[in-house]
Amino acid sequence: MLHTIIKENTYQDSIVLMLLSNKLSAIEGVNKVSIMMGTPANKDIFKSSGLGTAELENAKPNDIVIVIDTEDAAKVEEVDQEVEAELKGKAESNDQEQKHNEASNWSRALELANNPNLALISIPGQYAAMEAENALNHNLNVFMFSDNVAKEDETRLKNLAHDKGLLVMGPDCGTGIIHGLPLAFTNIVNEGDIGIVGASGTGIQEVTTIIDREGKGVTNAIGTGGRDLSSEVGAITMLDSIKALNQDPTVKVITVISKPPAKEVEEQVLSVLRNIEKPVVTLFLGAKPTYTETNIYHAYTLEEAARVSVQLSNGETPNFKPRLFENISANLTAKQDGIKGFYSGGTLASEAAMLVKDTLGDLSSGETPEGFAYKGGNHEIIDLGDDIYTQGKPHPMIDPSKRIEMLETSSDDPATAVIMLDNVIGYGSHDDMASELAPTIQKILNKVKADGRSLVVLATVVGTEHDYQGYQAQIETLKAAGAIVCDTNDQMVRTALNLIGSTVEQPQLEVKQIDADPVDLSVDDKIMNLINVKPSVINIGLKSFTEAIQSSDAQVVQFNWRPIAGGNEKLMKVLQYLNNFEGETV
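The rules we used
Residues numbered from 1 in each chain as written. Predicted model: local features only at pLDDT ≥ 70, side-chain atom pairs only at ≥ 80, totals over all residues. Heavy atoms only, no water. Helix = DSSP H or I, 4+ residues; strand = E, 2+ residues; numbered from the N terminus. Pairing = 2+ DSSP bridges. Core = buried A, V, L, I, M, F, W, Y, C linked by side-chain atoms within 4.5 Å. Buried < 20%, exposed > 50% of the residue type's maximum accessible area, 1.4 Å probe, protein only. Contact = heavy atoms within 4.5 Å. Domains from an automatic or database assignment. Buried area = accessible area lost by both parts, 1.4 Å probe.

Caption draft 1: Molecular detail of unusual backbone geometry. The omega angle of the peptide bond from Gly170 to Pro171 is 5 degrees, so this bond is cis rather than trans. Positionally, Pro171 belongs in the loop between strand 7 (168-169) and strand 8 (175-178). For Asn139, which is not glycine, the phi torsion reads 60 degrees and is therefore positive. Among the structural elements, Asn139 can be located in the loop between helix 5 (125-137) and strand 6 (141-144). A positive phi angle, near 55 degrees, is found at Asn148, a position not held by glycine. Mapping Asn148 onto the fold places it in the loop between strand 6 and helix 6 (151-164).

Okay, here's the thing in structure tokens:
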């Protein structure tokens, strides 16, 4: 039976509510609890997950909605009391904080901020574009963590930013490092002379952490969002970022990471890169390179991009040699040929899918199912961070439950030979994911052994020794459970393929000299100021991002955003227009 509780005018971060949902769903006698804000999009999620109720329609965007599936009416009161205790604890914690660096509107945020030049936005996607426009109108660069922003809004905002000499990083920008300052889901890496620009997320995390572990560093890793290189957007952020890294005297090597762009956009990006004298590494992940260039090294994998960047930074000739994890003892049967990859990192899942398909051929039977990076034969590579798995639920970097479920079910499949897992640590991730996954890894390995079968669990930890979770501690926990821990995703996937009798063919590239027409490489001083000085940030949304910025000794004001006008988007846009017209903000 479904029960609904609505708490009016009590706006909370979505991540806080998702984690609370998981905690309360574990109460004995409760089948499921879902807690979200009463936005139209969240109401649809309630309904699609079988938790739609008549009372739900009365909720407003500023209301917390709790839907409880239980046959015991007493459990409803228990859940309500737990939620009240959580909200009271948050309120008391807020009261104890220094209020002088918190604001609830733009006017106050700008008054409190110390020469701000960056807005970090992590509010619901349907409202993010409006706040990004407000930020740009106040001459702030934008880092938009929020997703579900319309592509036409992205294009409009990026054109506005370009005209103002500013950057819009995102939307759906999960990772960034600006002059050494980690933003959103990011690892702590050494500062150095390698500058990165790419569709931000675990791809940037994988590359930057390998660079750090190789003893080198990154000053800037500028995220573009995944759609920046589409024909509609036209690589506005990437082109301005490349030009900025070119002008930065501290950058010795420029590394560009993206999924394959639209063809005309790729030519535009390469034309700019061919006018740059600094060594350049490109990775258009998913497109197997057929050549490299005199001053532009075209990489095949994330590890290759990272290691070649390090070699170029050291003044060495690029010479990437793929590696396998050697001497793995596994008594696999002839029927065991399945590789199962359960990823929290979407880019890592895409790389794994690419390597499997390139090596074994495409064994899929039609369109790839939603949530899968690849499904063919007995092989499955799944991006558990896909929307289909995260609607109304925490991201798998935070919540291990879906991967634990996948580990258990896949180990029962007699065709499964190898299971692959990534453990992405750093800001925004679980405090100790290895300890959450380890008991299940140990359990399934013991189970298959008792059944007279063999199974290999491979894992990789994306992180550095500086990350608070402890890079080496995470490795040791996974090893103790029976997992074989590889250094990189590239090494893990190559090892998995090797275990089933296949070898990844590394591209052998001829070097070409390609001339390019001259292009204007100038960039606005405001962008140069952004990447050359530790930013002063107005954080609009998740408080955990403010805490991470503060830990890096950077200036930050927490903007405790909540939707105005009852969350009515049309009315909010009218108010925004009137405020902009009058030269003020709400």
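Moving on, there is more to tell.
Caption draft 2: Main features of the sheet that holds strand 23 (residues 537-540). The six strands are arranged 4-24-23-5-6-7 in an open sheet whose pairing can be described as parallel. The open sheet is flanked by strand 4 (102-103) and strand 7, the only strands paired with a single partner. Here strand 5 (residues 118-121) pairs with strand 23 via four bridges, running parallel. Pairing of Ile121 across the sheet is with Ile540, part of strand 23.

Caption draft 3: Here's a closer look at the nonpolar core. Core analysis: the largest hydrophobic core is formed by 98 residues, its most contacted members being Ile196, Ile242, Val269, Leu273, Tyr343 and Met420. When residues of this core are assigned to their parent elements, the largest contribution, seven residues, is made by helix 11 (residues 346-360). In this structure, Ile196 is in contact with Ile204, Val207, Thr208, Ile211, Val218, Asn220, Ala221, Ile222, Leu245, Thr255 and Ile257, ignoring residues within four places of it in sequence. Tyr11, Ile35, Val79 and Ala103 belong to the second-largest nonpolar core, a separate cluster that totals 44 residues.

Caption draft 4: Geometry of the domain arrangement of the protein. Once the domains are mapped, the protein shows domain 1 (2-90), domain 2 (102-321 + 522-566) and domain 3 (338-500). Relative to domain 2, the C-alpha centre of domain 1 lies at a distance of 35 Å. The interface is formed by seven residues belonging to domain 1 together with ten residues belonging to domain 2. In this assembly, domain 1 packs against domain 2 so that about 830 Å² is buried in total across both faces, 53% of it on carbon and sulfur atoms. When the buried surface of domain 1 facing domain 2 is broken down by residue, Tyr11, Asp13 and Asn62 rank first, second and third, together holding 54% of it.

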